[in-house]
Amino acid sequence: MRALSPRAWGLAAALAALALDQAHKFWMLHIFDVATRPPMTLAPFLDVVLSWNYGVSYSLFPAHEAMARLALLIVQGAIIAGLAVWMTRTESRATALALGLIIGGALGNAADRITRGAVADFFYLHTSLPVGPLANYVFNLADVFITAGVALLVIEGFFLPQERRAET
C-alpha cells in the first residue's frame with residue numbers, strides 16, 4: 001500500500017478543518033442556539049458566548065459594508081491561494097498538514113463572512129493579568145485550526161532537521 005502524498009495530507013486536513021468548523025458553527029447557532037443564552041463559564045478563564053467579528057483577528061479592519069467585506073475576502077483569498085500553492089509544492093507531510101489546517105480554518109472563516117456577513121466566534125478567553133491585548137480573546141474552531149497549523153510550522157522549522165522534513 002502506497003503512503004499518502006503530502007498534498008493528500010494537506011487536502012485532507014483542510015477539508016476536515018473546514019467541515020468541523022462549519023458543523024460546530026451550525027450546531028452552536030442553530031441547535032444549541034447560543035444567541036439566546038447568557039455567557040456560560042467553562043473555566044475561570046474561559047466562557048462560551050456569541051460574538052460577531054466583522055474584521056480580522058482582534059476585530060482589526062472591521063468590514064460592515066459589502067465592499068469592505070469583499071476587500072477582506074479578496075485579501076483572504078489571495079493568502080489562501082498562496083498557502084495552497086506552497087502546500088502543493090512541499091515534500092513534507094508535516095508542512096502540508098500544517099498548511100492544510102491553516103487553509104481549512106481560513107476557508108471556514110471566509111465561509112462565515114460570505115454567508116453571515118461576519119465571523120461567528122464562541123470561546124472567550126480572558127484574564128485579569130496585565131498582558132495587554134492578549135487579556136481578552138474571542139475565537140472559534142477555525143481559529144484553533146489556524147493556530148495549530150502555525151504552531152506546527154514553527155515546531156517543524158525549529159526542531160526538525162532540514163534533511164528529515166521530507167520524511168515527516
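Since the structure is predicted, the reported quantities are computational estimates derived from the model, not experimental observations.

Participant: How do you make sense of the pairing of strand S2 (residues 46-53) when you look at a structure like this?
Facilitator: Look at any regular strand and the pattern is simple: side chains alternate between the two faces of the sheet. Strand direction decides the pairing type here: strand S1 (residues 40-43) and S2, joined by three bridges, are antiparallel. Directly across from Ala 43, in S2, lies its bridge partner Leu 46. What sits between the antiparallel neighbours S1 and S2 is a turn of two residues. Inspection of the sheet shows S2 paired to strand S3 (residues 119-126) by six bridges, in the antiparallel sense. Each residue of the ladder has a partner; that of Trp 52, found in S3, is Ala 120.

Participant: Can you help me understand the packing of helix H1 (residues 6-31) against helix H4 (residues 141-159) in this one?
Facilitator: Helix-helix packing is described using two parameters, namely the angle between the two axes and the distance between the axes. Close contact between H1 and H4 brings their axes to 8 Å; oriented N to C, the two are set at 155°. What the angle tells us is that H1 and H4 run roughly antiparallel. Contacts from Ala 17, Leu 20, Asp 21, His 24 and Lys 25 of H1 reach H4 at Leu 141, Ala 142 and Phe 145. Across the contact of H1 with H4, the residue classes break down as five nonpolar, one polar and two charged.

Participant: How should the packing of aromatic side chains be read in this particular structure?
Facilitator: Each pair of aromatic rings is reported with the distance of its centres and the angle of its planes. Inspection of every chain in the model, using the stated rule, returns four aromatic pairs. Arranged with centres 5.2 Å apart and planes meeting at 20°, the rings of Trp 27 and Phe 32 form a pair that is stacked. What makes Phe 32 buried here is its relative accessible area of 15%. For the ring pair Phe 123 and Phe 139, a centre distance of 5.5 Å and an interplane angle of 35° mean the geometry is tilted. Pair noted here: Phe 123 is in strand S3 and Phe 139 is in strand S4 (residues 136-139), with a separation of 16 residues, a long-range link. Of the residues examined, Phe 139 reaches a relative accessible area of 15% and is grouped as buried. An aromatic cluster is built from Phe 123, Tyr 137 and Phe 139, whose rings are joined through pairwise contacts. Sitting over the face of the ring of Phe 32, Arg 37 holds its NZ or CZ atom 3.9 Å from the ring centroid.

Participant: How do you make sense of the environment of Arg 93 when you look at a structure like this?
Facilitator: Tracing the backbone through its elements, the reader meets Arg 93 in helix H3 (residues 93-116). For Arg 93, a relative accessible area of 28% gives the class partly exposed. Taking the C-alpha atoms as reference points, Arg 93 and Leu 4, separated by 89 residues in sequence, lie 8.8 Å from one another.

Participant: How should I be thinking about the pattern of salt bridges in this particular structure?
Facilitator: A side chain of one charge can pair with a side chain of the opposite charge if their charged atoms are brought near each other. Inspection of every chain in the model, using the stated rule, returns three salt bridges. For Lys 25, the salt bridge identified is with Asp 112, shortest N-O distance 2.9 Å. Residue Lys 25 is found in helix H1, and its partner Asp 112 is found in helix H3; the two are separated by 87 residues along the sequence. Residue class for Asp 112 comes out buried when judged on its relative accessible area of 0%. Salt bridges here are not isolated pairs; linked through shared partners, they connect Asp 21, Lys 25, Asp 112 and Arg 116.

Participant: Teacher, can you tell me more about the sheet that holds S1 here?
Facilitator: Two strands in a sheet stick together by hydrogen bonds in their backbones, pointing the same way (parallel) or opposite ways (antiparallel). The sheet built from four strands is open, its strands ordered S1-S2-S3-S4 with antiparallel pairing. If you trace the sheet from one side to the other, it starts and ends with S1 and S4, each paired once. Direction aside, neighbouring strands of the sheet carry axes that sit 40° apart on average. Examined bridge by bridge, S3 and S4 share four bridges and lie antiparallel to one another. Along S4, the bridge assignment pairs Phe 123 with Phe 139. The strands touched by H3 within the sheet are S2 and S3, with S3 carrying the most contacts at an inclination of about 125°.

Cut-offs and rules
- Sequence positions are assigned chain by chain, starting from 1 and proceeding in written order.
- Reporting in this predicted model follows two pLDDT cut-offs: at least 70 for local features of residues, and 80 or more for side-chain atom pairs to be given and counted; totals over whole chains, interfaces and linings ignore these cut-offs and use all residues.
- Excluded from the side-chain calculations are hydrogens and water; all other atoms, namely the structure's heavy atoms, are used.
- What makes two strands pair is DSSP finding at least two bridges between them.
- Only DSSP runs of H or I reaching four residues or more are called helices, and only runs of E reaching two or more are called strands; each is numbered from the N terminus.
- Fitting a line to C-alpha atoms yields each axis, with helices limited to the stretch in contact; the angle taken between N-to-C directions then spans 0 to 180 degrees.
- Relative orientations are named as follows: roughly parallel for angles under 35 degrees, roughly antiparallel for angles over 145 degrees, roughly perpendicular for angles from 65 to 115 degrees, and oblique for any other angle.
- In this description, contact between two residues means that some pair of their heavy atoms is separated by no more than 4.5 Å.
- Each residue is assigned to one of three groups, with Ala, Val, Leu, Ile, Met, Phe, Trp, Tyr, Cys and Pro labelled nonpolar, Asp, Glu, Lys and Arg labelled charged, and all others, Gly among them, labelled polar.
- Only the six-membered ring of Trp is used, alongside the rings of Phe and Tyr, when aromatic pairs are assigned; centres must lie within 6.5 Å, and planes under 30 degrees apart are stacked while those over 60 apart are edge-to-face, with the rest tilted.
- Classification of residues uses two cut-offs on accessible area relative to the type maximum, computed with a 1.4 Å probe and protein chains only: under 20% is buried, over 50% is exposed, and between them is partly exposed.
- Counting as a charge over the ring demands two things of the Lys NZ or Arg CZ atom: a distance within 6 Å of the ring centre and an angle within 35 degrees of the ring normal.
- Whenever a carboxyl oxygen of Asp or Glu lies within 4 Å of a side-chain nitrogen of Lys or Arg, that contact is scored as a salt bridge.

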